[in-house]
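Notes for the structure review
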Amino acid sequence: MTLRRLPFGSLSLVAGALALSGVLVVSQCDRHVSAGPDQADDAAVVDTDLLAFLSLARAHHHEANLDEQTGDVAGAVGALQRIIDAPKPHAGTAIPEVEEVLADTYARMAELRLSQGDADGAKRDVESGLAHATGPTYFRGHLLEVYGIIEEQRTARLADAGSPEEAAKARAHARELLEQAVDIQESVIAHVLDASAGGDGGPSR
Amino acid sequence: MKHGLAWLTVGLVTGGVACGGAAVEPASAPASEAAPSSTGTAGAQVQGGPQGVEAAATAGTTHGPAPEIAGARGELDGAERQVAASQGDCAAACRALASMERAADHLCALAAGTECSSARERVDAARQRVQSTCGACAR
């Protein structure tokens with residue numbers, strides 16, 4: 001697996017996740033307007049923190065882009081790691097926008113590590129990302145897709161190493177993960193377009 | 001990557017607009033920005049909107065916008081939200097489709113036969129559905 005084979009639409013996906021977060025902030029703004037005065041003040045603080053985190057994430061993704069352009073994959077991973085390590089807004093509460101940014105950041109890190117042959121590191125990233133994307137969302141589907149590719153590569157390595165039984169297990173796992181990814185993304189598309197046709201304006205993830 | 005940055009910009013700008021009130025700024029009519037609005041601080045600045053709306057706004061009394069002006073603003077706000085939601089939905093559908101395509105490609109590399117063909121058929125159906133609603137997805 002090379003960077004070329006890994007569609008770096010993933011950068012688009014990450015940015016899309018952030019863009020989506022921007023849209024979701026809108027709905028938070030709407031909710032805050034309807035809150036009482038004190039609640040509205042608190043909510044404004046939360047929004048500021050959230051926007052600051054999203055801005056930080058965007059900056060680090062840009063940094064990773066630049067690193068990738070110069071072939072510095074380790075630097076790109078490091079830039080993304082700073083998103084993971086950054087203080088999170090409203091610590092202790094799972095904020096959907098933050099969870100989505102983390103899930104997609106882990107997915108991008110996994111792809112980068114995989115491009116460098118670090119399958120174990122990539123697998124760890126995917127597993128960490130999946131903890132932030134538990135529902136049937138695009139983000140989970142994407143992580144499962146990457147996980148499937150990791151297992152696909154492992155299949156080839158095991159086969160080359162003369163371990164046909166282990167290779168068969170890895171192959172079966174890869175197929176299962178990729179089928180799950182197809183299932184989830186198919187349902188995401190149906191949900192998004194149904195919601196769009198119905199005009200319910202609900203969040204589409 | 002450019003697409004990603006563009007979407008990011010769209011998302012953050014969309015968020016900013018909606019949080020900041022309801023600033024509608026069609027890019028095709030910058031000349032009318034110079035026209036002052038009688039409700040500049042009302043949280044609904046209409047810049048570059050239809051001439052009739054501008055004229056009515058500037059002709060309004062100091063007691064606030066006429067009901068029809070408020071109604072027009074409401075319609076503009078609603079339309080803006082619908083456009084933003086539609087763009088966001090299509091972006092979400094396209095990226096899900098791209099992921100689905102990649103997953104199917106890798107699945108087919110591992111498993112030929114009905115498992116692959118079934119996945120391909122589902123991808124084709126999803127692609128047709130996305131195209132019928134959103135047009136072709138950017139690559």
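Since we're looking at a predicted model, the values are computed, not measured.

Cut-off values and rules
Residues numbered from 1 in each chain as written. Chains lettered and ligands numbered in written order. Predicted model: local features only at pLDDT ≥ 70, side-chain atom pairs only at ≥ 80, totals over all residues. Heavy atoms only, no water. Helix = DSSP H or I, 4+ residues; strand = E, 2+ residues; numbered from the N terminus. Buried < 20%, exposed > 50% of the residue type's maximum accessible area, 1.4 Å probe, protein only. Contact = heavy atoms within 4.5 Å. Salt bridge = Lys/Arg side-chain N within 4 Å of Asp/Glu carboxyl O. Disulfide = S-S within 2.5 Å. Axes fitted to C-alpha atoms, helices over the stretch in contact; angles between N-to-C directions. Parallel < 35°, antiparallel > 145°, perpendicular 65-115°, else oblique. Left-handed = near helix turned anticlockwise from the far one by under 90°. Nonpolar A, V, L, I, M, F, W, Y, C, P; charged D, E, K, R; others polar. pLDDT = per-residue confidence, 0-100. Phe/Tyr/Trp six-rings, centres within 6.5 Å; stacked < 30°, edge-to-face > 60°. Lys NZ or Arg CZ within 6 Å of the ring centre and 35° of its normal. Expected span 1.5 Å × (residues − 1).

Here we come to the overall build of chain B. In terms of regular secondary structure, chain B is built from four helices and zero strands. Tracing chain B from N to C terminus, the helices and strands come up as α-α-α-α. A buried classification covers 34% of the 139 residues belonging to chain B. In chain B, once contacts between residues fewer than 6 apart in sequence are set aside, the share between residues at least 24 apart is 38%.

Any two side chains of opposite charge can pair, on the condition that their charged atoms come close. Applying the stated criterion across every chain yields a total of 13 salt bridges over all chains. Linking Glu151(A) and Arg154(A) is a salt bridge whose minimum nitrogen-to-oxygen distance equals 2.9 Å. With Glu151(A) and Arg154(A) both in helix α6 (residues 138–160) and three residues apart, the pair spans about one turn of that helix. Take Glu151(A): its relative accessible area is 1%, and that puts it in the buried class. With a relative accessible area of 28%, Arg154(A) lands in the partly exposed category. Bridged by salt links that share partners, the residues Asp183(A), Glu186(A) and Arg122(B) form one connected network.

Residues and elements named next belong to chain B. As enumerated under the stated definition, the model contains three disulfides over all chains in all. Sulfur-sulfur distance for the disulfide between cysteine 90 and cysteine 134 comes to 2.1 Å. Its torsion about the S-S bond being -85 degrees, the disulfide of cysteine 90 and cysteine 134 is classed as left-handed. With cysteine 90 in helix α3 (residues 67–110) and cysteine 134 in helix α4 (residues 114–134), this residue pair connects regions lying 44 residues apart in the sequence.

Turning our eyes to something else, we now look at the packing of helix α5 (residues 119–130) of chain A against α6(A). Residues and elements named next belong to chain A. In the contact formed by α5 and α6, the axes pass within 10 Å of each other and the chain directions differ by 155 degrees. In terms of their interaxial angle, α5 and α6 are classed as roughly antiparallel. Pair α5 / α6 crosses with left-handed handedness. Where α5 approaches α6, its residues Ala119, Ala122, Lys123, Val126, Glu127, Gly129 and Leu130 are matched on the opposing element by Arg140, Leu143, Leu144, Val146, Tyr147, Ile150 and Arg157. Partitioning the contact of α5 with α6 into residue classes produces nine nonpolar, one polar and four charged.

With that out of the way, let us pick up the environment of Ala57(A). Note on placement: Ala57(A) falls in helix α2 (residues 37–69). Put simply, Ala57(A) and Ile84(A) are 27 residues apart on the chain and 9.0 Å apart in space, counted from C-alpha to C-alpha.

This part is about the confidence of the model for chain A. In the predicted model, chain A carries a mean pLDDT of 82, and the fraction of residues at 70 or more is 74%. Low pLDDT, under 50, characterises residues 1–40 of chain A; the stretch is placed with 92 contacts to residues that sit more than four places away or in other chains.

Attention now goes to the packing of aromatic side chains. All told, the structure shown has one aromatic pair over all chains when counted by the stated rule. Note on Tyr138(A) and Phe139(A): the rings are 5.3 Å apart at their centroids and 75 degrees apart in plane angle, and the pair reads as edge-to-face. For Phe139(A), a relative accessible area of 2% puts it in the buried group. Arg95(B) extends its terminal NZ or CZ atom over the ring of Tyr138(A), reaching a point 4.7 Å from the ring centre.

Take α5(A) next. Residues and elements named next belong to chain A. Along its 12 residues, α5 runs 16 Å from first to last C-alpha, staying within 8% of the 16 Å computed at 1.5 Å per residue. Listed as buried for α5 are Ala119, Gly121, Ala122, Asp125, Val126, Gly129 and Leu130. Packing partners of the buried residues in α5 comprise α4 (96–115) and α6.

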